[in-house]
Amino acid sequence: MERTLSIIKPDGVKKNIIGEVIKRFEEKGLRIAALKMIKMSREDAKGFYIVHKERPFYESLTSFMSEGPVVVMVIEGESAITKVREIMGATNPKDAAPGTIRADFASDIEHNIVHGSDSKESASYEIPYFFSALEIK
Ligand code: CDP
Ligand code: MG
């Protein structure tokens, strides 16, 4: 059993597809172990994406991620990290496989609807960034 952190980004919340995204995870056998809607400050978003601090898109990305509410969730299941990444699709929607969330809904490489931890190491930083142990059931 594995846990991963997923976020429905501000563009996904604005597009009214919270239910659609969650449905795609649930119908692949994954379970929502924790969930809440929050609005990140610029500093919150910068801390979350600290691994990207040297990248050219860091300023724009953290501005976008703090522009409106997001849904953060812990997803649990066998190979949850890989499964969530498969359901999401590639970072750039132009490269995302048909039927993935990003292929179906993302408008561009930045505004790509959804986040998912890319490794066990990332998940172990990202899950406690938003949730205490008591909030994960
Ligand atoms: O989210 P994912 O793990 O697929 O991609 P990433 O390489 O970890 O990048 C994090 C996020 O930064 C992406 O999901 C995009 O929102 C954004 N990004 C961007 O705006 N421009 C890029 N060239 C790459 C990523
Ligand atoms: Mg990533």
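Our subject is the structure that appears above.
Okay, so let's go over this structure.

Regarding a nonpolar patch on the surface
Then, in step 1: Taken together, the side chains of Ile-50, Val-51 and Tyr-125 present a nonpolar region at the surface, about 300 Å² in accessible area.
Then, in step 2: Looking at the element boundaries, Ile-50 is found in the loop between α3 (42–48) and α4 (58–65).

Re the site of ligand 1
Then, in step 1: Around ligand 1, a shell composed of Lys-9, Tyr-49, His-52, Phe-57, Leu-61, Arg-85, Thr-91, Arg-102, Ile-109, Glu-110 and Asn-112 is seen.
Then, in step 2: Within the side chain of Lys-9, an N or O atom sits 2.9 Å from an oxygen atom of ligand 1.
Then, in step 3: A distance of 2.9 Å is found between an oxygen atom of ligand 1 and a side-chain nitrogen or oxygen belonging to His-52.
Then, in step 4: Of the pockets mapped on this structure, ligand 1 occupies the largest pocket.
Then, in step 5: Here the shell around ligand 1 is composed, by residue class, of 4 nonpolar, 3 polar and 4 charged.

Observations concerning the pattern of salt bridges
Then, in step 1: In the structure shown here, the tally under the stated rule is 10 salt bridges.
Then, in step 2: The partner of Glu-2 in a salt bridge is Lys-120, and the shortest N-O contact between them spans 3.5 Å. Here Lys-120 lies in helix α7 (residues 120–130) and Glu-2 lies in strand β1 (residues 2–8), a separation of 118 residues in the sequence.
Then, in step 3: The exposed category is assigned to Lys-120, whose relative accessible area is 62%.
Then, in step 4: With a shortest N-O distance of 2.8 Å, Arg-24 and Glu-20 are connected by a salt bridge. Highlighted residues: Arg-24 and Glu-20, both in helix α2 (residues 18–26), separated by 4 residues, approximately one helical turn.
Then, in step 5: Judged by its relative accessible area of 25%, Glu-20 falls in the partly exposed class.

Comments concerning unusual backbone geometry
Then, in step 1: Unusually for a residue other than glycine, Asn-16 sits at a positive phi of about 65°.
Then, in step 2: Along the chain, Asn-16 turns up in the loop between α1 (10–14) and α2.
Then, in step 3: Asn-16 sits in the exposed class, given a relative accessible area of 71%.
Then, in step 4: The phi angle at Ile-113 is positive, at roughly 75°, despite the residue not being glycine.
Then, in step 5: Inspection of the secondary structure assignment puts Ile-113 in the loop between α6 (101–105) and β4 (114–116).
Then, in step 6: By relative accessible area, which is 0% here, Ile-113 ends up buried.

Re the side chain of Glu-126
Then, in step 1: The residue Glu-126 is located in helix α7 in this model.
Then, in step 2: Buried and unpaired, Glu-126 has no salt bridge, with Arg-85 as the nearest side chain of opposite charge at 7.5 Å.
Then, in step 3: There is a polar contact of 2.9 Å between the side chain of Glu-126 and the side chain of His-115.
Then, in step 4: If near-sequence neighbours (up to four positions away) are discounted, Glu-126 is found in contact with Leu-5, Phe-48, His-115 and Ser-117.

Brief notes about the layout of surface pockets
Then, in step 1: Quantified by volume, the largest pocket comes out at close to 570 Å³.
Then, in step 2: In terms of lining residues, the largest pocket is bounded by 23 residues, among which Tyr-49, His-52, Phe-57, Thr-91 and His-115 are the most central.
Then, in step 3: Secondary-structure elements contributing two or more residues to the lining of the largest pocket are α5 (80–88), β4 and α7.
Then, in step 4: By residue number, the principal contributor to the lining of the largest pocket is α7, which donates 4 residues.
Then, in step 5: Across the lining of the largest pocket, the residue classes tally to 9 nonpolar, 7 polar and 7 charged.

Conventions used here
Residues numbered from 1 in each chain as written. Chains lettered and ligands numbered in written order. Predicted model: local features only at pLDDT ≥ 70, side-chain atom pairs only at ≥ 80, totals over all residues. Heavy atoms only, no water. Patch = residues over 30% accessible without salt bridge, like charges linked within 9 Å, V, L, I, M, F, W, Y side chains within 5 Å. Areas by Shrake-Rupley, 256 points an atom, 1.4 Å probe, with all protein chains shown as cover. Salt bridge = Lys/Arg side-chain N within 4 Å of Asp/Glu carboxyl O. Helix = DSSP H or I, 4+ residues; strand = E, 2+ residues; numbered from the N terminus. Near = heavy atom within 4 Å. Polar contact = N/O pair within 3.5 Å; in protein donor to acceptor, adjacent residues only side chain to side chain. 1 Å grid on protein atoms, 1.4 Å probe; cavity = no way out; pocket = protein on both sides within 12 Å on 5 of 7 lines; lining within 4 Å. Sits in = over half its atoms within 2 Å of the grid points. Nonpolar A, V, L, I, M, F, W, Y, C, P; charged D, E, K, R; others polar. Buried < 20%, exposed > 50% of the residue type's maximum accessible area, 1.4 Å probe, protein only. Lys, Arg positive; Asp, Glu negative; His and termini not counted. Contact = heavy atoms within 4.5 Å. Points joined across faces, edges and corners; volume = space filled by probe spheres on them.

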